[in-house]
Amino acid sequence: MRRRLIVGNWKMHGHGDQLRQVEAIDAAFADFPSLDAALCLPATLIHSATQQVRTIRVGAQDVHHADFGPHTGNLSAAMLREAGATLTIVGHSERRIDQHETDAEVKAKAEAAHRQGLDVIVCVGETLERREAGEAEACVVTQLAASLPAGASGAWLSIAYEPVWAIGTGRIPTLDEVSRMHVAIRSELWRLIEEAAAGVRILYGGSVNQDNAAALLCCPNVDGALVGGASLAAETFVPILAIASAATGNRAATIVTE
Ligand code: PGA
């Protein structure tokens, strides 16, 4: 059975004084041993955060696809690992849109991260335009196939389904839409990597909060959540961890593995 994974994505938020939130989240997380959790922080906070945490994992939000070289302003997977990160997000829609990252680049980033022993979360998700055109599943499945790193395995890879129009907007898809998309992603994973698909966790992301987390986490094939705004403070993130931990007991009844 896949363990639930809840990941906070702090984006470009967080200075040293917010490390007390990391500390508080970490302290609370000790109560949820059946859950996996991580905070993907701005690179500037990774090292300090790893000095404070005891249970929660610390990750990055992006990585360069090269191991080293003339890439001013970028960070390699080895640098992130040296700072203390044990995982990284790649292909977040904010990067796909703002930095024009392609599927091929996202795949190369995921492979570079894995080469250095980092776990990887590959993000996929459709724009509102594609959803309204009835192309959401086709869009996501195409993105997934082209972004999936070689040797993909649940031992180190998760997928985050994040509809672009649900990020930071307070809007979420219907539970039926979430379930259908997660089943489509699982099926595509089976097509691409066969049995290895069974262990890959598929997270939902986009306006997850303590009011909608229980319903989202009970959808078939939703193995966790990627949480932006609500992960910035213990007050809003810890309740999501608690809900995910409580929902773990119901999984046998709700999970669809193939
Ligand atoms: P949000 O962001 O929870 O603030 O919508 C999620 C994400 O972009 O990962």
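This structure is a prediction, so every number in the text was calculated from the model and none was measured.

For the chain, the helix and strand inventory stands at 11 helices and 8 strands. Oriented by its inertia axes, the alpha-carbon framework of the chain measures out at about 40 × 40 × 35 Å. The buried share among the 258 residues of the chain stands at 51%. Of the contacts made within the chain by residues no fewer than 6 positions apart, 74% connect residues no fewer than 24 positions apart. Summing over all exposed atoms, the chain offers an accessible surface of approximately 11000 Å²; the carbon and sulfur share of this is 53%. If you average the places of the 21 positive and of the 30 negative side-chain charges in the chain, the two averages end up 3 Å apart.

Right, let's talk about the packing of aromatic side chains for a bit. Inspection of the entire model under this criterion finds 1 aromatic pair. For the ring pair Tyr 161 and Tyr 204, a centre distance of 6.2 Å and an interplane angle of 65 degrees mean the geometry is edge-to-face. With Tyr 161 in strand E6 (residues 157-161) and Tyr 204 in strand E7 (residues 201-205), this pair connects stretches of sequence that are 43 residues apart. Residues Tyr 161 and Tyr 204 agree in their burial class; the two are buried.

Another aspect to go through is the confidence of the model for the chain. Residue-level pLDDT values for the chain average 95, and 96% of them are 70 or greater. Low confidence marks residues 252-258, where pLDDT is under 50. Its contacts with residues over four positions away, or in another chain, come to 12 contacts.

Here we take up the site of the ligand. Near the ligand, the surroundings consist of 13 residues, among which Lys 11, His 92, Glu 162, Gly 168 and Ser 207 are the closest. For the ligand, an oxygen atom lies 2.7 Å from a polar atom in the side chain of Lys 11. His 92 places a side-chain nitrogen or oxygen 2.7 Å from an oxygen atom of the ligand. When the ligand sits alone it has 280 Å² of accessible area, and the protein chains cover 94% of it. Here the shell around the ligand is composed, by residue class, of 4 nonpolar, 7 polar and 2 charged.

Let us look at helix H7 (residues 136-147). Between its first and last C-alpha, H7 extends 16 Å over 12 residues, near the 16 Å set by a 1.5 Å rise per residue. The complete set of buried residues in H7 reads Ala 136, Cys 139, Val 140, Gln 143, Leu 144 and Ser 147. Viewed along the axis of H7, the buried residues span an arc of 130 degrees, placing them on a single side of the element. For H7, the elements touching its buried residues are helix H4 (93-98), helix H5 (103-115), strand E5 (119-124), helix H6 (128-132), E6 and helix H8 (175-193).

Next up on the list: the packing of helix H1 (residues 19-29) against helix H10 (residues 234-248). The angle between the axes and the distance between the axes are what describe a pair of packed helices. Where H1 contacts H10, the axes come no closer than 10 Å and their chain directions differ by 25 degrees. One finds that H1 runs roughly parallel with respect to H10. The handedness of the crossing between H1 and H10 is right-handed. On the side of H1, the interface is formed by Gln 21, Ala 24, Ile 25, Ala 28 and Phe 29, while H10 contributes Ala 234, Phe 237, Val 238 and Leu 241.

Another aspect to go through is the side chain of Arg 186. Structurally, Arg 186 can be placed in helix H8. Here the side chain of Arg 186 touches Asp 223 through a polar contact of 2.9 Å, side chain to side chain.

Tracing the chain through its elements places Gln 61 in the loop between strand E3 (57-60) and helix H3 (77-83). Of note is the side chain of Gln 61, whose polar atom sits 3.2 Å from the backbone oxygen of Cys 40. With near-sequence residues (within four places) excluded, Gln 61 lies in contact with Asn 9, Trp 10, Lys 11, Cys 40, Leu 41, Pro 42, Thr 88, Ile 89 and Arg 95.

This brings us to the pattern of salt bridges. Taken as a whole and assessed by the stated rule, the structure comprises 18 salt bridges. Put simply, Asp 223 and Arg 2 hold a salt bridge, and the shortest N to O gap is 3.1 Å. Of this pair, Asp 223 sits in the loop between helix H9 (213-217) and strand E8 (224-227) while Arg 2 is found in the segment before strand E1 (5-9), placing the two residues 221 residues apart along the sequence. Both residues of the pair, Asp 223 and Arg 2, count as buried. Ionic pairing is found between Arg 131 and Glu 126, a salt bridge with its closest N-O pair at 2.7 Å.

Time to look at the pairing of E7. Here E7 lies mainly inside the structure; 5 of its 5 residues are buried. On E7, burial covers both faces: Arg 201, Leu 203 and Gly 205 on one face and Ile 202 and Tyr 204 on the other are all buried. Of the pairings in the sheet, the one linking E6 to E7 comprises 4 bridges and is parallel in character. Bridge assignment links Ser 158 to a residue of E7, and that residue is Arg 201. In this fold, E6 hands off to H8, which returns the chain to E7; that crossover is right-handed. The sheet contact formed by E7 and E8 spans 3 bridges and is parallel. Residue Leu 203 lies in a different strand from E8, and its bridge partner there is Gly 224.

The rules behind the values
As a convention, each chain's residues are numbered from 1 in the sequence order in which they are written. Local features are withheld for residues below a pLDDT of 70 in this predicted model, meaning they are given only at 70 or higher, and side-chain atom pairs are given and counted only at 80 or more; totals for whole chains, interfaces and linings count all residues. Think of the side-chain values as coming from all heavy atoms in the structure, minus any hydrogens and water. Counting from the N terminus, the helices are the DSSP runs of H or I reaching at least four residues and the strands are the DSSP runs of E reaching at least two. Note on exposure labels: buried denotes an accessible area under 20% of the residue type's maximum, exposed denotes more than 50%, and partly exposed covers the range between, all computed with a 1.4 Å probe on protein chains only. Should any heavy atoms of two residues lie within 4.5 Å, those residues are considered in contact. In short, Shrake-Rupley with a 1.4 Å probe defines the accessible areas, and a residue's cover is counted only from the protein chains shown. The charged-residue count follows a simple rule in which Lys and Arg add positive charge and Asp and Glu add negative charge, with His and chain termini not counted at all. Every charge is mapped onto a representative atom, which is NZ of Lys, CZ of Arg, CG of Asp or CD of Glu. In this scheme Phe, Tyr and Trp rings, the latter by its six-membered ring, pair at centre separations within 6.5 Å, and the angle between planes marks the pair as stacked below 30 degrees, edge-to-face above 60, and tilted otherwise. Values of pLDDT, ranging from 0 to 100, describe the predictor's confidence in every residue of the model. When we say a residue is near a molecule or strand, we mean one of its heavy atoms is within 4 Å of it. In protein, a polar contact requires one atom able to donate a hydrogen and another able to accept it; more generally it is a pair of N or O atoms within 3.5 Å, and residues adjacent in sequence count only if both atoms are side-chain atoms. Each residue gets one of three labels, nonpolar for Ala, Val, Leu, Ile, Met, Phe, Trp, Tyr, Cys and Pro, charged for Asp, Glu, Lys and Arg, and polar for the others, Gly among them. Given a helix with a known number of residues, its expected span is that number minus one, times 1.5 Å. Within this analysis, the arc is defined by the directions that extend from the helix axis to the C-beta atoms. For every element, the axis is a line fit to its C-alpha atoms; helices are fit only across the contacting stretch, and the angle between N-to-C directions ranges from 0 to 180 degrees. An angle below 35 degrees is read as roughly parallel, one above 145 as roughly antiparallel, one from 65 to 115 as roughly perpendicular, and any other as oblique. Each crossing gets its hand from how the near helix is turned against the far one by less than a right angle, where anticlockwise is left-handed and clockwise is right-handed. Throughout this description, the term salt bridge denotes a Lys or Arg side-chain nitrogen within 4 Å of a carboxyl oxygen of Asp or Glu. When DSSP finds two or more bridges between two strands, those strands count as paired. Every crossover in which the path from the first strand over the helix to the second runs clockwise, viewed with the strands pointing away from the viewer, is termed right-handed.

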